[in-house]
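A structural walkthrough
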Amino acid sequence: MKHVGLGLVLISMTACSRTEIAPETSIPQNELQSGYAFLTAETQALQDDAFENPGFLWVDRGERLFQSVASTEPSCLTCHENGLDGVAASFPKLDPETGELINLEGRINACRTRHQGLPPLAYESEDLLSLTAYIAHQSNGDPISVDVSGDAAPYYELGLDYFITRRGQFNLSCQQCHTENWGKQLRGDTISQGHGNGFPAYRLEWQSLGSLQRRLRDCDTGVRAEPLPYGDPTYVAVELFLAARAQGLEAESPAVRR
Amino acid sequence: MAAIRLAVPDTAQRGEVIEIKALIQHPMESGFRRGSRGEVIPRNIITRFECRYNGALVFASDFQPAIAANPILTFHTVATETGELEFKWTDQNGEAWSEIATITVT
């Protein structure tokens, strides 16, 4: 039964995109589960309550930043007066101006430097987290849907390669935990499928909102590998691979995670 | 400026028990943690929260280092009269943040 399901998913993926997910790294569509499914009932309740979810502190702040900037340049709202519904669910994507892959953080900074005459914001700065959270929240409930065809295919391959390569002193790859052993116990935790659909997310461990790249750095540190610097193109490619791997899963930023 | 989120009912009937939620963005650094170079991260916590209903203290709390970051409080009071609820958080250095919510009691 399981094999039939896997086969169908592969056929449909081959049909809709040029690059198919390598079988050993894919999770069948009907078994895809958001990190939400691996939380305790209390943490799920914290995410579901739009007042108590601490991630909304950043969403609120992001909304204010979106409407006003500290200069005479146009605000985000000047161009995006109808909001950005569903936009975040299609990132990372190719930047039409440079042809390079950019994530949502990169797109926000591109807007700042190209259209607003403002300096780019640093990763994990309160302002960048807030703007990312505000925009990502507008895609809440939309299915993750990234394009990995054409010029994006090499980035996808790069992300896939990072995902399946063993690294660090523990000599573990991402897929060994998140594809082959999800649902099992790793000490006190249940291993999730490793999707990024809730990011930027409020992690209880961080006591703060954080980007997907911060989470990737934590995973790399966890297997005692040297994490890549923030904004590294390889991490952006990993974000693309993760989004393709989670294709169809609903976006739920700002999520609450352990 | 700390971000504050309040949940107070806009209207209530006289004598009704109302639920109030108050959330503030604050690191609540315990003073027990160390940074990547082994240095102690100094304690930085809110020590006092007070809620006043038309000037009268209806709820107060002393915070200790074990309180998590971005603390949220849920408490109840009795709606007695139309007016203002003032929420005030004070940190260990005396810096304070406050916010006001209005309630109409019928």
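In the block above lies the structure referred to throughout.
Described in the following lines is the structure provided in the data block. What you see is a predicted model; the values in this text were computed from it and never measured.

On to the overall build of chain B, then. Within chain B, the regular secondary structure consists of 0 helices and 8 strands. In chain B, the succession of helices and strands from N to C terminus is β-β-β-β-β-β-β-β. With the principal axes as the frame, chain B shows a C-alpha extent of 60 × 20 × 20 Å. Scored against the burial criterion, the 106 residues of chain B give a buried share of 19%. Put simply, of all contacts in chain B between residues at least 6 apart along the chain, 56% involve residues at least 24 apart.

Attention now moves to the packing of helix H7 (residues 153-164) of chain A against helix H10 (residues 233-245) of chain A. All names here are of chain A. Across the interface, H7 lies against H10 with an axial gap of 7 Å and an inter-helix angle of 90°. Compared by their axis directions, H7 and H10 come out roughly perpendicular. Contact with H7, carried on its side by Tyr155, Tyr156, Leu158, Gly159, Leu160, Tyr162 and Phe163, involves Thr234, Ala237, Val238, Leu240, Phe241 and Ala244 of H10 and no other residues of that element. Across the contact of H7 with H10, the residue classes tally to 11 nonpolar, 2 polar and no charged.

Bringing the nonpolar core into the picture now. Counting residues in each nonpolar core, the largest one holds 53 residues, and the members touching the most others are Tyr156, Leu240 and Phe241 of chain A. Where this core is concerned, the elements lending two or more residues are helix H3 (56-67), strand S2 (101-102), helix H5 (104-116), helix H6 (126-137), H7, strand S5 (201-203), helix H9 (212-222) and H10 of chain A. Residue contributions to this core peak at 9 residues, all from H10 of chain A. Taken together, domain 1 (33-50 + 144-257) and domain 2 (56-137) of chain A each give at least three residues to this core, which thus spans both. Not counting chain neighbours up to four residues away, the residues in contact with Leu240 of chain A comprise Pro92, Leu101, Val146, Val148, Ala152, Tyr155, Tyr156 and Gly159 of chain A. Listed in part, the 15 residues of the second largest apolar core include Ile20, Leu23, Phe87 and Trp89 of chain B.

Let's shift gears to the pairing of strand S8 (residues 96-105) of chain B. Residue and element names in this part refer to chain B. The sheet contact formed by strand S2 (residues 11-12) and S8 spans 2 bridges and is parallel. Pairing of Thr11 across the sheet is with Thr104, part of S8. Sheet topology note: the strand S7 (residues 83-91)/S8 ladder contains 8 bridges and is antiparallel. Residue pairing in the sheet places Glu86 in a bridge with Ile100 of S8.

Residue and element names in this part refer to chain B. Direction of pairing for strand S1 (residues 4-7) relative to strand S3 (residues 17-24): antiparallel, over a ladder of 4 bridges. In the sheet register, Ile4 faces S3, and the bridge partner there is Ile24. Here 7 bridges tie S3 to strand S6 (residues 72-78), and the two strands are oriented antiparallel to one another. Following the sheet pairing, Leu23 is matched in S6 by Ile72.

What follows deals with the sheet that holds strand S7 (residues 256-257) of chain A. Residue and element names in this part refer to chain A. Here 3 strands make up an open sheet; going across it, the order is S6-S5-S7 and the pairing mixed. The open sheet terminates on both sides in strands that have one partner only, identified here as strand S6 (208-210) and S7. In terms of strand pairing, S5 meets S6 through 3 bridges, oriented antiparallel. Its bridge partner lying in S6, Arg203 is registered against Ser208.

For the rest of this paragraph, the subject is the interface of chain A and chain B. Contact residues are listed per partner, giving 9 residues for chain A and 9 residues for chain B. Looking at the side of chain A that touches chain B element by element, the count peaks at 4 residues for H3 of chain A. Of the residues contributing to the side of chain A that touches chain B, the split by class is 4 nonpolar, 2 polar and 3 charged.

Each value, and the rule that gives it
Residues numbered from 1 in each chain as written. Chains lettered and ligands numbered in written order. Predicted model: local features only at pLDDT ≥ 70, side-chain atom pairs only at ≥ 80, totals over all residues. Helix = DSSP H or I, 4+ residues; strand = E, 2+ residues; numbered from the N terminus. Buried ≥ 20, exposed ≤ 12 C-beta atoms within 10 Å, placed from the backbone. Contact = placed C-beta atoms within 7 Å. Axes fitted to C-alpha atoms, helices over the stretch in contact; angles between N-to-C directions. Parallel < 35°, antiparallel > 145°, perpendicular 65-115°, else oblique. Nonpolar A, V, L, I, M, F, W, Y, C, P; charged D, E, K, R; others polar. Core = buried A, V, L, I, M, F, W, Y, C linked by C-beta atoms within 7 Å. Domains from an automatic or database assignment. Pairing = 2+ DSSP bridges.

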